[in-house]
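The residues making up each chain are set out below.
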Amino acid sequence: MPLDPVPPPGARTRVLDAAEAIVRARGVHSLTLEGAAREAGISKGGLLYHFASKEALLVALMQRLADRITADYAAILAAQPEGPARAVRACLAFTFDEPGIAEAHERTAAVLLAAFHHDPALLDPIRAFFRRIRAEAVADGTPAGVASAVMMAGDGLFMARLFGLYEPGAEELSALRATLHGLLETAS
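All values derive from a computational prediction rather than experimental measurement. (Residues numbered from 1 in each chain as written. Predicted model: local features only at pLDDT ≥ 70, side-chain atom pairs only at ≥ 80, totals over all residues. Heavy atoms only, no water.)

Colleague: Can you lay out the overall build of the protein chain for me, pointing to particular residues and giving the numbers?
Modeller: A tally of regular secondary structure across the protein chain gives 9 helices and 0 strands. Order of helices (α) and strands (β) in the protein chain, N terminus to C terminus: α-α-α-α-α-α-α-α-α. Taken over the C-alpha atoms alone, the protein chain extends approximately 60 × 50 × 30 Å along its principal axes. Of all intrachain contacts in the protein chain linking residues separated by at least 6 positions in sequence, the fraction that spans at least 24 positions is 66%. (Helix = DSSP H or I, 4+ residues; strand = E, 2+ residues; numbered from the N terminus. Contact = heavy atoms within 4.5 Å.)

See the structure below:
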């Protein structure tokens, strides 16, 4: 028996996908309700049913990105063995062991930067996620300095890739991961 085809995404999802594509390609200043509706293949009235304004659309877009990052991290955290430093090990895996996730987050980072430029408060859901994982990292028994070193190294790597500052090679990434893992093991 043939499988049922995957249903097409709903209008709300299509609008968010369209808005993300517009912001990523041309910036927040290029995002209009008309343009998002056109790119999503719905009427402006259909868009307004879900999003009353450009600001509401941007808030929903940032929340969706925060939800995506949160879900990705939760899956990685769940795969970590119980015990001390579980959250920090998840941060290491999030940075080094899940290249598909890292690449997806880097693609959407352009949206974060554009949103920040438009209104820094739009990043509040992303900030809340990072506050939570930082608190979890310290609460799981990892010394604060070690947790911060691991997390900040991951953040720095993310920023270096995002801005094209440098692209570390495989050997350098392996050495960095081993160094951070060693720091974590020494502290645990």
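There is more to say after this.
Colleague: Report on helix α7 (residues 124–139), specifying residues and quantitative values.
Modeller: Compared with an ideal rise of 1.5 Å per residue, which puts 16 residues at 22 Å, α7 spans 22 Å between its outermost C-alpha atoms and is within 8% of the ideal. Looking only at α7, the buried set comprises Ile126, Phe129, Ile133 and Ala137. End-on, the buried residues of α7 take up no more than an arc of 70 degrees, which puts them together on one face. Exposed residues pointing more than 90 degrees away from the buried face of α7 are listed as Arg131 and Ala139. (Expected span 1.5 Å × (residues − 1). Buried < 20%, exposed > 50% of the residue type's maximum accessible area, 1.4 Å probe, protein only. Arc of directions from axis to C-beta.)

Colleague: Just give me the short version of a nonpolar patch on the surface, but keep the residues and values in it.
Modeller: Judged by side-chain polarity, Leu113, Met159, Phe163, Leu165 and Tyr166 come together as a nonpolar surface patch covering roughly 510 Å² of accessible area. Its location among the elements puts Leu113 in helix α6 (residues 99–118). (Patch = residues over 30% accessible without salt bridge, like charges linked within 9 Å, V, L, I, M, F, W, Y side chains within 5 Å. Areas by Shrake-Rupley, 256 points an atom, 1.4 Å probe, with all protein chains shown as cover. Salt bridge = Lys/Arg side-chain N within 4 Å of Asp/Glu carboxyl O.)

Colleague: Give a detailed account of the nonpolar core, specifying residues and quantitative values.
Modeller: Among the nonpolar cores identified, the biggest contains 53 residues, and Val15, Leu31, Leu47, Phe51, Leu57, Met62 and Tyr73 are the most heavily contacted of them. The set of elements that each furnish at least two residues to this core consists of α1 (11–26), α2 (33–40), α4 (54–78), α5 (86–97), α6, α7, α8 (144–162) and α9 (170–187). Sort the elements by how many residues they give to this core and α4 lands first, with 11 residues. Setting aside residues up to four positions removed in sequence, Leu31 forms contacts with Ala19, Ile22, Val23, Ala36, Lys54, Leu57 and Leu58. (Core = buried A, V, L, I, M, F, W, Y, C linked by side-chain atoms within 4.5 Å.)

Colleague: Account for α2, with residues named and values stated.
Modeller: Within the sequence span of α2, burial applies to Leu33, Gly35, Ala36, Ala37 and Ala40. Tucked into the core, α2 has its buried residues touching α1, α3 (44–50) and α4. Phi turns positive one or two residues past the end of α2, at Gly41, with a value near 75 degrees.

Colleague: Could you give an account of the UniProt feature "domain: HTH tetR-type" (unreviewed entry) in the protein chain, with specific residues and numbers?
Modeller: Residues annotated in UniProt with the feature "domain: HTH tetR-type" (unreviewed entry) correspond here to residues 9–69. Spanning residues 9–69, this segment combines 77% helix with 0% strand, and its end C-alpha atoms are found 20 Å apart. (UniProt positions renumbered as here; feature names shortened; annotations may be inferred.)

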